[in-house]
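Chain by chain, the residues run as shown.
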Number of protein chains: 2
Amino acid sequence: MAEAVPGTTDEVTEVANVEENVDTGPVHIPASIDIADLQNRLLGTWADIRRSSRELAARPDMQRIEGQPMEEHRARVFEQLGKLVENGQVLRAFPKALGGGDDAGGNIAGFEELVLADPSLQIKSGVQWGLFGAAVLHLGTQKHHEKFLPGIMTLEVPGAFAMTEIGHGSDVASIGTTATYDEATQEFVINTPFKGAWKEFLGNAARDGIAATVFAQLITKGVNHGVHCFYVPIRDENGDFLPGVGGEDDGLKGGLNGIDNGRLHFTDVRIPRENLLNRYGDVAEDGTYSSPIASPGRRFFTMLGTLVQGRVSLDGAATTASALALTIAIQYGDQRRQFNAASESDEEVLLDYQRHQRRLLPRLAQTYAQTFAHDKLLTQFDDVFSGRRDSDDDRQDLETLAAALKPLSTWHALDTLQECREACGGAGFMNANRFTSLRADLDVYVTFEGDNNVLLQLVAKRLLSDYSSKFRKADAGALARYVVSQAADRAYHGSGLRTLAQTLGDFGSTARSVGQLRDTAVQRELLTDRVETMIETIGQRLRPASKMSKVDAAELFNSQQNELIEAARAHGELLQWEAFTEELEKVTHDETKKVLTWLRDLFGLSLIERHLEWYLMNGRLSSQRAQAVGAYINRLVARLRPHALSLVKAFGFEEAHLRAPIATSGEYERQEEARAYYVALRESGEAPVDEKTLRAREKAAKKKS
Amino acid sequence: MAEAVPGTTDEVTEVANVEENVDTGPVHIPASIDIADLQNRLLGTWADIRRSSRELAARPDMQRIEGQPMEEHRARVFEQLGKLVENGQVLRAFPKALGGGDDAGGNIAGFEELVLADPSLQIKSGVQWGLFGAAVLHLGTQKHHEKFLPGIMTLEVPGAFAMTEIGHGSDVASIGTTATYDEATQEFVINTPFKGAWKEFLGNAARDGIAATVFAQLITKGVNHGVHCFYVPIRDENGDFLPGVGGEDDGLKGGLNGIDNGRLHFTDVRIPRENLLNRYGDVAEDGTYSSPIASPGRRFFTMLGTLVQGRVSLDGAATTASALALTIAIQYGDQRRQFNAASESDEEVLLDYQRHQRRLLPRLAQTYAQTFAHDKLLTQFDDVFSGRRDSDDDRQDLETLAAALKPLSTWHALDTLQECREACGGAGFMNANRFTSLRADLDVYVTFEGDNNVLLQLVAKRLLSDYSSKFRKADAGALARYVVSQAADRAYHGSGLRTLAQTLGDFGSTARSVGQLRDTAVQRELLTDRVETMIETIGQRLRPASKMSKVDAAELFNSQQNELIEAARAHGELLQWEAFTEELEKVTHDETKKVLTWLRDLFGLSLIERHLEWYLMNGRLSSQRAQAVGAYINRLVARLRPHALSLVKAFGFEEAHLRAPIATSGEYERQEEARAYYVALRESGEAPVDEKTLRAREKAAKKKS
């Protein structure tokens, strides 16, 4: 377990003794930034709710006990869920008539912050109220609300959300479970026809759930009307499975072990006709099927679309976790000195090293961008779910935006947690310092609630279909420009297309000098142009598909899959950048604006650096300009370094949220103690002489003689 | 926990129905590759020892029980260590006279494979015999071997390797612990002067260790002779700390919880003079210091250099873990069908999707390269430690090679384990399927035994110092070429410089056509040229440093740190590519050679793609050629896809090593069952009609009427 590095000391003397560091103690915050203002911006539209939820998360009884065996962890989280009910905040999304708050957006905002207490608590409450409860709320009607929601809200009825099957992860339409209507008894018969149709990975299924919202193929009068959702009791008052219901415990997972994931299967389980959650499709007593949505395809997507909140909340929780990790790592990097405190002059703290800045500050910039983008996503979510703006287009835009942002932020969380853990060395690997535990828990965020790669593919297809359906005859450049500007604008401004044509026109000249990389318009052009061009290129490559056989078309499509997903990622990055820029424009405090502009520039330039080969290959940047990107990033991280601590302080986490020994002043105090020891030793006159010094003296003496 | 993806089904119909897949069952292995030959190549120089160690790793009693609480896991691993002693294989490195095998290389080869049983077992045995025991072996002399090694070898004396301190991770020369010689009693007094000097992260320290090899500043007659190693008993027969010794348990870590890491501190602990491990520095009864190595700096590095085996073995173990993960993920990806088995024609298996190929196959290529590069590293290690070739230069080359390869392979392991876990979706997150557990354990490999970033910086400095010291007056191009070709050649061939000048001369013309990216010489030129140019550029930028103040020079150096580390990475990548290419040249079987050439090309082109912006910015590739890189990679992954299963089978893992439910034929069998169900349903005439089909029929009927 040792970290010896032969060769280190001599090698590093070059780096040593850089500056007479003034001892400012563990907190190096320049007064220049208006941290309070920044904090309000970061907390966003639902700042008060977030603060209130963070108070909950700061309570030790709501927090995780690390290293707890799985069963104890499960029991603790279940108990904590009860405390959430007492506290009442988690019920905001439910109808006022039933004691909720009819507040969809605020509910998610508060829910996200629970990740600070224990991601298992966050996700388990998400299972109970955000999936199981939300299915009843959004797919059921008045009678279901009145009958089922009270028990769900009080946790009297813990429930599982039984959609995913072993044989089908992301492909919900193909699930094998059937719900066949029996006119004779006016019941649905729920059945699992084969092992691949077992419901899988369901929270609350292994231990706590006594009911489930089960997705199944609705069959009546010999017709399969596609996937619908049914309310199915699964356990009796003793916790035993009801007749016909069976299941297994998923056991230990890579993380989130406070949640009792498991499998369920059904053998001719009979439920009353009324247990069909019938908002989007109903079966009359005589077995006649009816639906307010004629198209089976649209009906299916409408039903699943009501469950977008899972994705929305993961975007927020992942961003919060990234912010927490960066706060810990940056506070430590601002104290920890590498390469000794034994000599007169102190060595640099980690964060003064360029590589360290390069590792942490661009990730901080992205976390800021995500925070602002998430607030926009959540606002849009609230618009739709409050009914203020919930047309089909609004819903589809919301889904596309969530599908674009969730993959980026959840991958970013894993990447950031890992980089922070490594940047803190062995100390970062200690469970007490949070990174490894959070990383293990957040791992699954990248594949559940929609696999990241699948989601990005959906985004890309949306962009492509806009492109191909609306502009089949227009010239290619115009289309592509339109598609993207529209997607970005519709997502954030809802005001039709932003005219990029002009700035794009004189792009060649405006971007000529290095300094202009700092220019907002230039960054926007570079980022926008990339999305546009990628979509346009793929669109053109896919054009022949319409005249091909299905087999050939699929093969052609597959040949573009990787590129397609990259295009969607570029789109998501642009959305994040736009959100950061929009927030930046609102800042009035001069110093704050200056520093935030650097941070936004760092984000923009980091994106451009990440895809530099594209800009070069496509003639968007000259070699010289491309080289300026990296050089300018190096300047930006150096400029931002003195503000790093302020920028993480602005996230507003308290010690009860950080809970990491390395984020305290311990390291600083140890250095002070060591320093005092060496000073005292020198003053005592008893300090040993270094052999090296001795030999140097001997040499000098020999030369003289 | 659900993975619903609204919009999935309709969107994906384009991708569906691609091919009439012939049911070849779960194993799609074309007969074309000589798997046995390939397996021998992958197992390398110590194939028999690896096989024998894998037999050990296949024993259930040597394997990890997942989810075991920390204390039980610790106890189990300690017990397993006893079984390793019984088995005898782990003692190969020790002297024959004491029952060992005097086999340094074979010892490491066997040791690495233990990662298949439990990484905690691997690392704990590394602590006992590879660090604690190796310190006595390499830093001690005959009397220490006779006195201490037998107890260490039999595990009668479990011990800690007490080098790292809280205040100093990678900077061993600056440790604060002192060992002051007392002439009156002929003892050393070991002392921890302040909290920052506590020994930290030591395996065997929290529970099992009864002795430790303690690194401390040796002070005698008022002179500090620098860091030396001392044998210090720490616990009595009851497991209590001896007087003056204290410590703490590090508690839960992000992984490797079968190892009892902890802290130690010493308050005037007295040990006999003879307990100084005195191979490289001794103190006479009267307190006179002597050493066979005059320079304190060289002495220090020589001492630490004997401990390079930790790094060497991590390179191997990380590569083995990557191979295991890819075997599991590729076997699953070859069976798992995404987007349904409910219709007549099966959907594609995951591995037929381009994105999936892109995710797994380049990582497979890199794992092959690492496997071959590691065998070369281990051979060089064995040359040095057997005494066959152990000049100062040989030792330095070995250290540089280990420092270049260990960072790349340990990072690759984390990246690969994660990508495999994601590529298997929710199933990948289940602990039973190995990825998450291995990832958690291997996490710390990237920062212990030398932090990866620090190691790469050392490599870069070595390249730079060769550059600046040997060629101060020659022309820049020649130097740079020399530095790298020499580093690569010395590392692998020990035969002076390889002449690249000619091929480099006509590079502009030879690399003109797309097809030539497949050319070995072109790949070599591109990869070599990059290392050369980067080092040369940085070297030139750093030139003014020699005439600067220390402060300014350090600042200049810091401004190049990021680039410097990237240059070292490029060097490591080149070494891996060279190793793959060298092995490839030995393959005689035609089909194997063809497939392996594709795989090597995929590795080379993936490296070039990863750094494409560099090749473009520096005019090494035209835009057109650069675009061909990605296109060619797409062709390569498609070509390699049918051989993917053969290529992982060649790693030679058995089910007892894989131990992952998803790597069995379970998925295939579930699909067969589902398929049979639907066939029977159709044949029964009772299959429900899809509402969609019904509506289409109605529409058609209306049109007719």
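The notes below deal with the structure included here. What you are looking at is a predicted structure, and each value in this text was computed from that prediction instead of being measured. Residue numbering note: each chain is counted from 1, following its sequence as written. Throughout, the order in which chains and ligands are written sets their labels, letters from A for the former and numbers from 1 for the latter. A pLDDT threshold of at least 70 governs which residues receive local features in this predicted model, and a stricter bar of 80 or more applies before side-chain atom pairs are shown or counted, although totals over entire chains, interfaces and linings include all residues. As a rule here, side-chain values cover all heavy atoms of the structure and leave hydrogens and water aside.

Turning next to the overall build of chain A. Secondary structure elements follow DSSP: runs of H or I of four or more residues count as helices, runs of E of two or more count as strands, with numbering from the N terminus. Helices and strands together make up the secondary structure of chain A, namely 27 helices and 12 strands. Buried residues in chain A amount to 65% of all 705 residues. Any two residues having at least one pair of non-hydrogen atoms within 4.5 Å are treated as being in contact. Within chain A, contacts between residues separated by at least 24 positions form 74% of all contacts whose residues are at least 6 apart in sequence. For the accessible areas, the method is Shrake-Rupley and the probe is 1.4 Å, while residue cover comes only from the protein chains on display. Accessible surface for chain A amounts to roughly 23900 Å². Of this, 50% is attributable to carbon and sulfur atoms. Burial here depends on accessible area, computed with a 1.4 Å probe over protein chains only, as a share of the maximum for the residue type. Under 20% is buried, over 50% is exposed, and the range in between is partly exposed.

So, on to the environment of Asn278(B). Residue and element names in this part refer to chain B. Positionally, asparagine 278 belongs in the loop between β9 (269-272) and β10 (282-283). Beyond its immediate stretch of four places on either side in the chain, asparagine 278 contacts Leu139, Gly140, Thr141, Lys143 and His144. We define a polar contact as two N or O atoms separated by no more than 3.5 Å, with the added condition that, inside protein, one atom must be a possible hydrogen donor and the other a possible acceptor, whereas residues neighbouring each other in sequence contribute only through side-chain atom pairs. Engagement of the side chain of asparagine 278 in a polar contact is seen with the side chain of aspartate 282, the distance being 3.1 Å.

In this section: the packing of aromatic side chains. The rule is short: rings of Phe, Tyr and Trp, with Trp giving its six-membered ring, pair when the centres are within 6.5 Å, and they are stacked under 30 degrees, edge-to-face over 60, tilted in between. Counted according to the given criterion, the structure contains 34 aromatic pairs over all chains. Centroid distance Phe161(A) to Phe215(A): 5.2 Å. Interplanar angle 70°. Geometry classified as edge-to-face. One end of the pair, Phe161(A), is in strand β1 (residues 159-162); the other, Phe215(A), is in strand β5 (residues 211-220), with 54 residues separating them in the sequence. Since its relative accessible area comes to 1%, Phe215(A) is described here as buried. Ring-pair connections join several aromatic residues into one group, and the members of that group are Tyr368(A), Phe372(A), Phe580(A), Phe651(A) and Phe653(A). Sitting above the plane of the Trp198(A) ring, Lys195(A) keeps its charged end 4.6 Å from the centroid. Directly above the aromatic system of Phe385(B) lies the positively charged group of Arg395(B), at a separation of 5.5 Å from the ring centroid. Whether a charge sits over a ring comes down to the Lys NZ or Arg CZ being within 6 Å of the ring centre and within 35 degrees of the ring normal.

Moving on: the sheet that holds strand β8 (residues 262-266) of chain A. Residue and element names in this part refer to chain A. For two strands to pair, DSSP has to find at least two bridges joining them. The 3 strands lie next to each other as β4-β8-β7, forming an open sheet whose pairing is antiparallel. The sheet is open, and its two borders are formed by β4 (199-202) and β7 (245-249), each paired with just one other strand. The sheet shows a mean angle of 25° between the axes of neighbouring strands, taken without regard to direction. Comment: axis = line fitted to C-alpha atoms, over the contacting stretch for helices; angle = value between 0 and 180 degrees taken between N-to-C directions.

So, on to the pattern of salt bridges. All names here are of chain A. What makes a salt bridge here is a side-chain nitrogen of Lys or Arg within 4 Å of a carboxyl oxygen of Asp or Glu, nothing more. Applying the stated criterion across every chain, the model contains 98 salt bridges over all chains. Put simply, arginine 600 and aspartate 601 hold a salt bridge, and the shortest N to O gap is 2.9 Å. We note that arginine 600, like aspartate 601, is buried. Through salt bridges with shared partners, a single network forms among Asp382, Asp383, Arg388, Arg389 and Asp394.

On to the sheet that holds strand β4 (residues 199-202) of chain B. Residues and elements named next belong to chain B. The 3 strands lie next to each other as β4-β8-β7, forming an open sheet whose pairing is antiparallel. Both outer strands of the open sheet, β4 and β7 (245-249), are each paired with one neighbouring strand and no more. Strand-to-strand twist of the sheet, defined as the mean angle between neighbouring strand axes without regard to direction, takes the value 25°. By the bridge criterion, 2 bridges tie β4 to strand β8 (residues 262-266) in an arrangement that is antiparallel. Its bridge partner being in β8, lysine 199 is matched across the sheet by leucine 264.

What follows covers the relation of the copies chain B and chain A. Each of the two copies of the chain can be brought onto the other by a rotation about an axis and a shift along it. Superposing chain B onto chain A takes a rotation of 180° plus a shift of 0.0 Å along the axis, which leaves an RMSD of 0.0 Å. Here the symmetry operator amounts to a two-fold rotation axis. Across chain B, the smallest distance between a C-alpha and the rotation axis is recorded for Glu613(B), namely 2.0 Å. Mapped onto chain A, 100% of the interface residues of chain B are again interface residues, and the two copies thus contact each other with one and the same surface. The atoms used to superpose the copies are C-alpha atoms, taken from residues with pLDDT of at least 70 in both, and the fit is least squares.

Moving on: the pairing of strand β9 (residues 269-272) of chain A. Residue and element names in this part refer to chain A. Along β9, the buried face is formed by Val269 and Ile271; none of Arg270 and Pro272, which line the opposite face, is buried. As judged from the 4 bridges shared by strand β3 (residues 187-191) and β9, these two strands associate in the antiparallel manner. Bridge pairing in β9 links glutamate 187 to proline 272.

Let us now look at the pairing of strand β6 (residues 223-233) of chain A. Among the 11 residues that make up β6(A), 9 are buried, leaving the element largely enclosed by the rest of the structure. Judged from the 9 bridges that link them, β5(A) and β6(A) form a sheet pairing that is antiparallel. The partner of Ala216(A) across the bridge, within β6(A), is His228(A). Where β5(A) hands over to β6(A), the hairpin turn is made up of 2 residues, of which Lys221(A) adopts a positive phi near 50°. Strand direction decides the pairing type here: β6(A) and strand β12 (residues 689-690) of chain B, joined by 2 bridges, are parallel. If you follow Val223(A) over to β12(B), its bridge partner there is Val689(B).

In this section: helix α7 (residues 142-154) of chain B. Residues and elements named next belong to chain B. Between the first and last C-alpha of α7 there are 18 Å, a value that for 13 residues agrees with the 18 Å anticipated at 1.5 Å per step. Consider a residue and the seven residues that end there alongside the seven that start there; fitting an axis to each set, the bend is the angle between those axes. Roughly 45° is the biggest bend found in α7, and it falls at phenylalanine 148, with proline proline 150 one to four residues downstream. Listed as buried for α7 are His144, His145, Phe148, Leu149, Gly151, Ile152 and Met153. Its buried side turned inward, α7 meets α4 (70-87), α6 (119-139) and β6 (223-233). Just beyond α7, the residue with positive phi is leucine 155, at close to 75°. For a helix, the expected span equals 1.5 Å multiplied by the number of residues minus one.

In the contact formed by helix α10 (residues 354-385) of chain A and helix α20 (residues 561-586) of chain B, the axes pass within 7 Å of each other and the chain directions differ by 85°. It follows that α10(A) is roughly perpendicular to α20(B) by the angle criterion. Counted together, Gln354(A), Arg355(A) and Arg358(A) of α10(A) and Gln561(B), Asn562(B), Ile565(B), Glu566(B) and Arg569(B) of α20(B) form the full contact between these two elements. The classification used treats Ala, Val, Leu, Ile, Met, Phe, Trp, Tyr, Cys and Pro as nonpolar, Asp, Glu, Lys and Arg as charged, and all other residues, Gly among them, as polar. Its residues placed into classes, the contact of α10(A) with α20(B) shows 1 nonpolar, 3 polar and 4 charged. Oblique is the label for any angle not covered by the other classes, which are roughly parallel (under 35 degrees), roughly antiparallel (over 145) and roughly perpendicular (65 to 115).

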